[in-house]
Amino acid sequence: MGQKKDLTGSEKSKIVRYLAEGCSSLKIAKLLKRDHRTIKRFIQNSQQGRKKRVEKPRRKITAHELRKVKRAAAKMPLATSLAIFQSCNITGVPKSTRCAILRDMAKVRKAERRPPLNKTHKLKGQDWAKKYLKTDFSKVLWTDEMRVSLDGPDGWARGWIGKGQRAPVRLRRQQGGGGVLVWAGIIKDELVGPFRVEDGVKLNSQSYCQFLEDTFFKQWYRKKSASFKKNMIFMQDNAPSHASKYSTAWLARKGIKEEKLMTWPPCSPDLNPIENLWSIIKCEIYKEGKQYTSLNSVWEAVVAAARNVDGEQIKTLTGSMDGRLLSVLAKKGGYIGR
C-alpha cells in the first residue's frame, strides 16, 4: 500500500480553527475527509509530519566489477540483470541494486525483428543494388500488401496514465479480432489506392491477378498515358502469389515484363519504401491505443489515414531509394533497417 499524503498547510490551519470552535477530533476528520488517526496525531504533535521513506544504500561494487558488468551487458543483449551479474561472478547483490546499476549504462528494449539473411541473400542484395544503381526511381511503382486488425499490435496500447486515474479497459480478442488485407502502391509523389482485398479471399496467383485487374489496372493504370506506361517499372516482392509463373505470365500479357518488372532480392522488406507508408498509416489508425468494432470501420480508418498522407511525404519515401542502394553496398548486402 502506498504512502498517504501529509496534511497540507490549509488543512492544518482548518484543524486549528475547528479546535478553537470546540469541534472534536472525530468531527474534524469527517469535515476534512481524512483519517481520524491522522487528525489525532497532528493534534498531539502539530509539528509531526509523516516520516519519509529512507532509501537504503546500494550494495557498493568496485570499479573493476562495474567494468565487468558493462562488458557483460554489451555481450549479452536481452539478458536479465541476474544473468549479467552471475556471468561476472558478482553475488549477493539484490535485484533493485542490480537494476539501478544497469540503468546507468543501459536501458530495457525489445529485440528488433528482421528476416534472416544468409550469404546468398546478401550477394543477391548487392547484385540488385548494382543493377538498379542508375535507375530513375521516380518511374518505379512500389507495391505491397498490409494486414490491419481491429485491435492493432499489442505493444501499441501503451501510454501515460495520470496519477489517480485508472487505465482504460481494452477488449481482448483472438488474433486481434480479425483484420482487413490492404494493397497499395506509391510512385514519385502519388499514392495508388489503397484497395481492399475482399474478406475471406486468400491471395493465390489467380486471385492476386484478378485483384490487380479489378483495382489497379481498371481504376488507375488504364487512365495513364502511353508514355507513362512505357516508362513505368512495376515492383512487387517475392511472395508466392507475386513471383509465380502464372502471375509473371499474366503481367507479361499486360505489358509488364522484362525490364518493366523489377526483380526483387529475397528477405529485403527494408528496401521497399512502401513499408514506411504502412508505418505512417498504422501510427495514425492505432494512435492512443484505438480499437475498432468492425472490419468496415478499420478499413474506413485506413482510407482516411491514407488520404492525409501528402505528396511530399510520399516523395520523401520514393526519393530515399538512392541512399538505400548505397547502404546495401556499404553493408555488403546486410540489413539496412527502415
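Heads up: the structure comes first, above all this text.
Quantities reported herein were computed from a predicted structural model and do not represent experimental measurements.

Peer 1: Would you mind going over the packing of helix α1 (residues 9-20) against helix α2 (residues 25-32) with me for this structure?
Peer 2: To characterise two packed helices, one gives the angle between the axes of the helices and the distance between these axes. Interhelical geometry of α1 versus α2 gives an angle of 140 degrees and a closest axis separation of 10 Å. Here α2 runs oblique to α1, going by the angle between their axes. The element α1 and its partner α2 pack so that their crossing is right-handed. Listed contacts from α2 to E11, K14, I15, Y18 and L19 of α1 are I28, L31 and L32.

Peer 1: I keep staring at empty space enclosed by the protein and nothing clicks. Help me out?
Peer 2: Gaps left between atoms are located by rolling a probe of water-molecule size over the structure's atoms. One pass over the structure, following the stated rule, counts one cavity of 30 Å³ or more. Taken as a whole, the largest cavity encloses approximately 80 Å³ of empty space. Residue lining of the largest cavity: 13 residues in total, with G125, S268, L271, G333 and G334 positioned closest to the centre.

Peer 1: Got a minute to help me understand the packing of aromatic side chains in this structure?
Peer 2: Counted according to the given criterion, the structure contains 15 aromatic pairs. Taking the centre distance of 5.7 Å and the plane angle of 50 degrees together, the rings of F216 and F234 count as tilted. A residue pair is termed long-range when its members are at least 10 positions apart, and F216 in helix α8 (residues 205-219) and F234 in strand β4 (residues 233-235) qualify at 18 residues. Note on F216: relative accessible area 0%, which makes it buried. On the basis of an interplanar angle of 80 degrees and a centroid distance of 5.5 Å, the ring pair of F217 and W250 is categorised as edge-to-face. Here F217 is found in helix α8, whereas its partner W250 is found in helix α11 (residues 245-253), with 33 residues between them in sequence. Judged on exposure class, the residue F217 and its partner W250 are both buried. One aromatic cluster is present, formed by W183, F195, F211, F216, F217, W220, Y221, F228, F234 and W250 through successive ring pairs.

Peer 1: It is not clear to me how the nonpolar core should be interpreted in this structure. Could you clarify?
Peer 2: The nonpolar side chains of a soluble globular protein tend to be buried, and buried together. One finds W128, W142, V148, M262, I281 and I285 to be the most contacted residues of the largest nonpolar core, which totals 38 residues. Put simply, the parts of the chain that give this core at least two residues each are α7 (119-131), β1 (140-149), β2 (179-187), β4, α12 (274-285), α13 (295-307), α14 (311-318) and α15 (321-330). The biggest single contributor to this core is α13, with six residues. For W128, the contacting residues outside a window of four places in its chain are M262, T263, W264, P265, L271, M321 and L325. The next biggest cluster of nonpolar side chains, apart from the first, holds 22 residues, and it includes V192, F216, Y221 and L261.

Peer 1: Before we go on, may I ask you to explain the side chain of S81 in this structure?
Peer 2: Mapped onto the fold, S81 is located in helix α5 (residues 81-87). S81 sits in the buried class, given a relative accessible area of 11%. Ignoring any residue separated from it by four or fewer positions in sequence, one finds S81 in contact with K95, R98, C99 and L102.

Peer 1: What exactly am I supposed to notice about α13 here?
Peer 2: Every α-helix carries 3.6 residues per turn, so stepping three or four residues along brings you back to the same face. Helix length check: α13, at 13 residues, gives a terminal C-alpha distance of 19 Å against a target of 18 Å (1.5 Å per residue), a fit within 8%. Where α13 is concerned, the buried positions are V298, W299, A301, V302, A305 and A306. Along α13, the residues classed as buried sweep out an arc of 155 degrees about the axis, all on the same side. Pointing more than 90 degrees away from the buried face of α13 are the exposed residues E300 and R307. Buried residues in α13 make contact with β1, β2, β3 (190-196) and α12.

Peer 1: How should I be thinking about the pattern of salt bridges in this particular structure?
Peer 2: Opposite charge on two side chains permits them to pair, given that their charged atoms come into close proximity. Within the structure shown, the criterion is met by seven salt bridges. For R37, the salt bridge goes to D35, with nearest N and O atoms at 3.1 Å. We classify D35 as partly exposed; its relative accessible area is 26%. With its nearest N and O atoms 2.7 Å apart, the salt bridge here joins D136 to K139. Classification of D136 by relative accessible area gives partly exposed; the value is 39%. Relative accessible area serves as the criterion here: at 33%, K139 is assigned to the partly exposed category.

Peer 1: I would appreciate a short explanation of the sheet that holds β1 in the present structure.
Peer 2: In any sheet, the strands associate via hydrogen bonds between backbone groups, in a parallel or an antiparallel arrangement. Overall, mixed pairing links the four strands, which are arranged β3-β2-β1-β4 in an open sheet. The sheet terminates laterally at β3 and β4, the two strands that pair on one side only. With strand direction ignored, the average angle separating the axes of adjacent strands in the sheet is 20 degrees. Two elements, β1 and β2, share eight bridges in a ladder whose sense is antiparallel. When the bridges of β2 are listed, W142 appears paired with I186. The strands that α13 touches are β1, β2 and β3; relative to β3, the one it contacts most, it runs at about 175 degrees.

About the criteria used
- Residues numbered from 1 in each chain as written.
- Predicted model: local features only at pLDDT ≥ 70, side-chain atom pairs only at ≥ 80, totals over all residues.
- Heavy atoms only, no water.
- Axes fitted to C-alpha atoms, helices over the stretch in contact; angles between N-to-C directions.
- Helix = DSSP H or I, 4+ residues; strand = E, 2+ residues; numbered from the N terminus.
- Parallel < 35°, antiparallel > 145°, perpendicular 65-115°, else oblique.
- Left-handed = near helix turned anticlockwise from the far one by under 90°.
- Contact = heavy atoms within 4.5 Å.
- 1 Å grid on protein atoms, 1.4 Å probe; cavity = no way out; pocket = protein on both sides within 12 Å on 5 of 7 lines; lining within 4 Å.
- Points joined across faces, edges and corners; volume = space filled by probe spheres on them.
- Phe/Tyr/Trp six-rings, centres within 6.5 Å; stacked < 30°, edge-to-face > 60°.
- Buried < 20%, exposed > 50% of the residue type's maximum accessible area, 1.4 Å probe, protein only.
- Core = buried A, V, L, I, M, F, W, Y, C linked by side-chain atoms within 4.5 Å.
- Expected span 1.5 Å × (residues − 1).
- Arc of directions from axis to C-beta.
- Salt bridge = Lys/Arg side-chain N within 4 Å of Asp/Glu carboxyl O.
- Pairing = 2+ DSSP bridges.

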